[in-house]
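Now for the letters of each chain:
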Amino acid sequence: MAIRPILIHPEPRLRKVAAPVEAVDDAVRRLADDMLETMYKAPGIGLAAPQVGVLRRVFVMDCAGKDDEPAPMVLLNPEIVLASDEMVTSEEGCLSIPDIYDDVTRHAEVRMRWLGLDGEVHERDLGERWAICAQHELDHLNGKLFIDYLGAVKRTMITARMKKLKKERARA
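Throughout what follows, the structure given in this document is the object of discussion. What you see is a predicted model; the values in this text were computed from it and never measured. (Residues numbered from 1 in each chain as written. Predicted model: local features only at pLDDT ≥ 70, side-chain atom pairs only at ≥ 80, totals over all residues. Heavy atoms only, no water.)

On to the overall build of the protein chain. Along the protein chain, the regular secondary structure elements total 3 helices and 7 strands. Starting at the N terminus and ending at the C terminus, the protein chain contains elements arranged as α-β-β-β-β-β-β-β-α-α. In terms of overall dimensions, the protein chain is globule-like: its C-alpha atoms have a radius of gyration of 16 Å, near the 16 Å expected for 172 residues. Considered along the principal axes of its C-alpha atoms, the protein chain spans approximately 45 × 40 × 35 Å. Split into buried and exposed, the 172 residues of the protein chain put 42% on the buried side. Sequence-distant contacts in the protein chain: of pairs separated by 6 or more residues, those separated by 24 or more amount to 65%. Total accessible area on the protein chain stands at roughly 9400 Å², and carbon and sulfur atoms take up 50% of it. Each charge class in the protein chain was averaged separately, 25 positive and 29 negative side chains, and the resulting centres sit 11 Å apart. (Helix = DSSP H or I, 4+ residues; strand = E, 2+ residues; numbered from the N terminus. Rg over C-alpha atoms; globule rule 2.2 N^0.38 Å. Buried < 20%, exposed > 50% of the residue type's maximum accessible area, 1.4 Å probe, protein only. Contact = heavy atoms within 4.5 Å. Areas by Shrake-Rupley, 256 points an atom, 1.4 Å probe, with all protein chains shown as cover. Lys, Arg positive; Asp, Glu negative; His and termini not counted. Charge placed at Lys NZ, Arg CZ, Asp CG, Glu CD.)

Within the structure shown, the criterion is met by 11 salt bridges. Between Arg 29 and Asp 26 there is a salt bridge whose closest N-O contact spans 3.4 Å. Of the two residues, Arg 29 and Asp 26 both sit in helix H1 (residues 26-41), 3 residues apart, roughly one turn of that helix. Of the charged contacts in the structure, one is a salt bridge between Glu 79 and Arg 113, with a shortest N-O distance of 3.9 Å. (Salt bridge = Lys/Arg side-chain N within 4 Å of Asp/Glu carboxyl O.)

With that settled, the discussion passes to the sheet that holds strand E7 (residues 121-127). Pairing is antiparallel in the open sheet, where 5 strands are placed in the order E1-E2-E3-E6-E7. Strand pairing shows two members of the sheet lacking a second neighbour, strand E1 (46-48) and E7, which therefore form its edges. Taking the axes of each pair of neighbouring strands and ignoring which way they run, one obtains an average angle of 40 degrees across the sheet. Bridging between strand E3 (residues 73-83) and strand E6 (residues 109-115) involves 5 bridges; their strand directions are antiparallel. (Pairing = 2+ DSSP bridges. Axes fitted to C-alpha atoms, helices over the stretch in contact; angles between N-to-C directions.)

Turning our attention to the pairing of strand E5 (residues 97-107). In this structure, strand E4 (residues 87-94) lies alongside E5, joined through 7 bridges in antiparallel fashion. Residue Glu 91 lies in a different strand from E5, and its bridge partner there is Asp 103.

For residues besides glycine, phi is generally negative; the peptide bonds are generally trans as well. Cis geometry marks the peptide bond from His 9 to Pro 10, where omega comes out at -5 degrees. Mapped onto the secondary structure, Pro 10 falls in the segment before H1. In this structure, the amide linkage connecting Ala 42 to the following residue, Pro 43, adopts the cis form with an omega of -15 degrees. Residue placement: Pro 43 occurs in the loop between H1 and E1. With phi around 50 degrees, Asn 77 is a residue other than glycine that occupies positive phi space. Following the sequence through the fold, Asn 77 ends up in strand E3. Of note, the phi angle at Asp 99 is positive, near 65 degrees, even though the residue is not glycine. One can find Asp 99 in strand E5.

What follows deals with the side chain of Thr 159. By secondary structure assignment, the location of Thr 159 is in helix H3 (residues 152-171). Leaving out residues up to four positions away in the same chain, Thr 159 has contacts with His 9, Pro 10 and Ile 147.

With that out of the way, let us pick up the side chain of Asp 102. Here Asp 102 lies in strand E5. Judged by its relative accessible area of 15%, Asp 102 falls in the buried class. In terms of polar contacts, Asp 102 uses its side chain to reach the side chain of Lys 154, at 2.8 Å. Ignoring sequence-local partners within four residues, the contact set of Asp 102 consists of Ser 90, Glu 91, Glu 92, Phe 146, Leu 150 and Lys 154. (Polar contact = N/O pair within 3.5 Å; in protein donor to acceptor, adjacent residues only side chain to side chain.)

Read these as geometric descriptors, not functional statements.
This is the structure we're talking about:
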């Protein structure tokens, strides 16, 4: 397993639609292991493959509470097959947009379907943080960031801040 660098917005790869995973093989398993290790180290509760420069439909998440046992999930080719009418607004952040948080409105519950590392199709109803995180990560696979839900002025200000951060990191 290895920690992979997390891409910072603005980065063209974060705006691309990721390609489906064709087969569950050693490369996909290694990617999933690396992504989980990277997510935990960051620390975060979710990470999509495009955030580590891999344009494949893979994301990992673990929304277990601090006092709970870890509950990592690896979702290949995930899709929402059902979403509640109820919407919730909660504060979101993103490992590709460090230290920026804002309110985003999403479905309160979703039913996800995905291919697991075992090669089987899985389906699960998710609520609370799990539902929010799954929708956030699925957006990444479609080239969308949480700041896209914000107003244009706020988005422009955040993008300028991230450009400055990238320059500072490049100099360091």
